[in-house]
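Descriptive structure summary
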Amino acid sequence: MPKTLTITQPDDWHLHLRDGAMLQGILPESARDFGRAIIMPNLVPPVVTLADATAYHGRIINALPASSDFTPLMTLYLTETTDANDVAAAHASGLVKAVKLYPAGATTNSDSGVKNIKNVMPVLERMASIGLPLCVHGEVTDPSIDIFDREAVFIDRVLEPLRQNLPELRIIMEHVTTKDGVDYIGETEKNLAGTLTTHHLIINRNDLLVGGIKPHYYCLPIAKRESHRLALVKAATSGDPRYFLGTDSAPHSDPNKESACGCAGVFSATNTMACLAHVFETAGALDRLEKFTSLNGPAYYRLPANTAKTTLTRHDSPVIFPEKIETKAGPVTVFDPGFPLHWSTS
Ligand code: DOR
Ligand code: ZN
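Read on for an overview of the structure. Numbers given for residues are sequential positions, taken from 1 along each chain in its written order. Chain labels run from A onward and ligand labels from 1 onward, assigned in the order the entries are written. Where local features are concerned, this predicted model is filtered to residues with pLDDT of at least 70; where side-chain atom pairs are given and counted, the filter is 80 or more; whole-chain, interface and lining totals use all residues. Side-chain measures here rest on the full set of heavy atoms in the structure, leaving out hydrogens and waters.

Turning to the site of ligand 1, a few remarks are in order. We call a residue near a molecule or strand when any one of its heavy atoms sits within 4 Å of it. Near ligand 1 there are 14 residues, and of these Arg18, Asn42, Thr107, Leu220 and His252 occur at the shortest range. Whenever two N or O atoms come within 3.5 Å, that pair is a polar contact, provided that in protein one can donate a hydrogen and the other can accept it, and provided that, for residues adjacent in sequence, both atoms are side-chain atoms. Separating an oxygen atom of ligand 1 from a side-chain N or O atom of Thr107 is a distance of 3.0 Å. The backbone of Gly265 places a nitrogen or oxygen atom 3.3 Å from an oxygen atom of ligand 1. Broken down by class, the residue content of the shell around ligand 1 amounts to 4 nonpolar, 8 polar and 2 charged. The nonpolar class holds Ala, Val, Leu, Ile, Met, Phe, Trp, Tyr, Cys and Pro. Asp, Glu, Lys and Arg form the charged class, and all remaining residues, Gly among them, are polar.

Quick look at the structure:
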């Protein structure tokens, strides 16, 4: 008899779906396993207003496979000219579940992001008063700061002062990649949680760089040294309600990844649950997988958990996932965890 584990259907609290042909091609990969996902707004041009989010939501719904009941939870891209009244209207609409802070220049399509956090304080104050969460890309962009230190410096320079100024603002530190990040979250009593990606639980910077550069492991924040990865696994598998899954699955076509200046992003929507089952099984924490993928996220976002169930089955032989998803925007390579996967979902 194969081993099975039935859990509440998972959600993805950080997902890039893109638009147009790419959206059409990769959306089924997330809709297959996840009930809901927080949809990142870093399109070109970005999703800034409620009107933008409403239109993008419509395009996602139109691109869904007919039988799917996947629910996109929309976000707004915070700019220095964002209108606090529009943010409040977006929250009241029920469609928009968070606002995303990208420090300008931190990552893909972040040029319209925030240069000086002081310029967005009125919007953040309004969000704190209405209870709308802020998702944060937690890296400084100061060119003098080493890329491997950008998360830790962001905590000191931006996140801690922001939380001191506005303790009522509910914050999600996205895709935490360092022990500094998980420790910082672990010291906080309220209004701070962190998402962890599938790939940062599995790869370290050696996987990215040793033996030849692996463009499909290049993402931002960049993978860190092994001691950091171990801290992330400890946090994810702890059951602590402050940590939950945000895959940061971020498709780019292979030519855009396999290039002299390759794009940042790992596409893991297809095999994330199988990868996570492996990580939790290896850590002896399969009983806490549901908290990480299905319970902690909705609790922090003050949403009910999904009512549907997902069954994970462990197979003796490896389960074969596609190496690439073919889309009309080009092929997208699926995350290779570097070990055989033995779990499937149904
Ligand atoms: O690796 C990443 N890819 N990190 C991000 O923050 C953005 C994302 C993307 O949009 O491609
Ligand atoms: Zn992202």
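Working definition: rings of Phe, Tyr and Trp (its six-membered ring) pair if their centres are within 6.5 Å, and the pair is stacked with planes under 30 degrees apart, edge-to-face with planes over 60 apart, and tilted otherwise. Per the counting criterion, the structure on display carries 7 aromatic pairs. Note on Tyr77 and Tyr102: the rings are 5.2 Å apart at their centroids and 35 degrees apart in plane angle, and the pair reads as tilted. Of this pair, Tyr77 sits in strand β4 (residues 71-77) while Tyr102 is found in the loop between β5 (96-101) and α4 (121-130), placing the two residues 25 residues apart along the sequence. Under the scheme applied here, a residue whose accessible area is under 20% of the maximum for its type counts as buried, over 50% as exposed, and between as partly exposed, the area being computed with a 1.4 Å probe on protein chains only. Overall, Tyr102 belongs to the buried group, its relative accessible area being 1%. Geometry around Tyr300 places Arg170 over its ring, the cationic atom sitting 4.5 Å from the centre. Charge-over-ring placement is defined geometrically: NZ (Lys) or CZ (Arg) within 6 Å of the ring centre, and within 35 degrees of the ring normal. Cation over ring: Arg205 sits above Phe148, and NZ or CZ is 4.6 Å from the ring centre. Numbering of helices and strands runs from the N terminus, with a helix taken as a DSSP run of H or I at least four residues long and a strand as a DSSP run of E at least two residues long.

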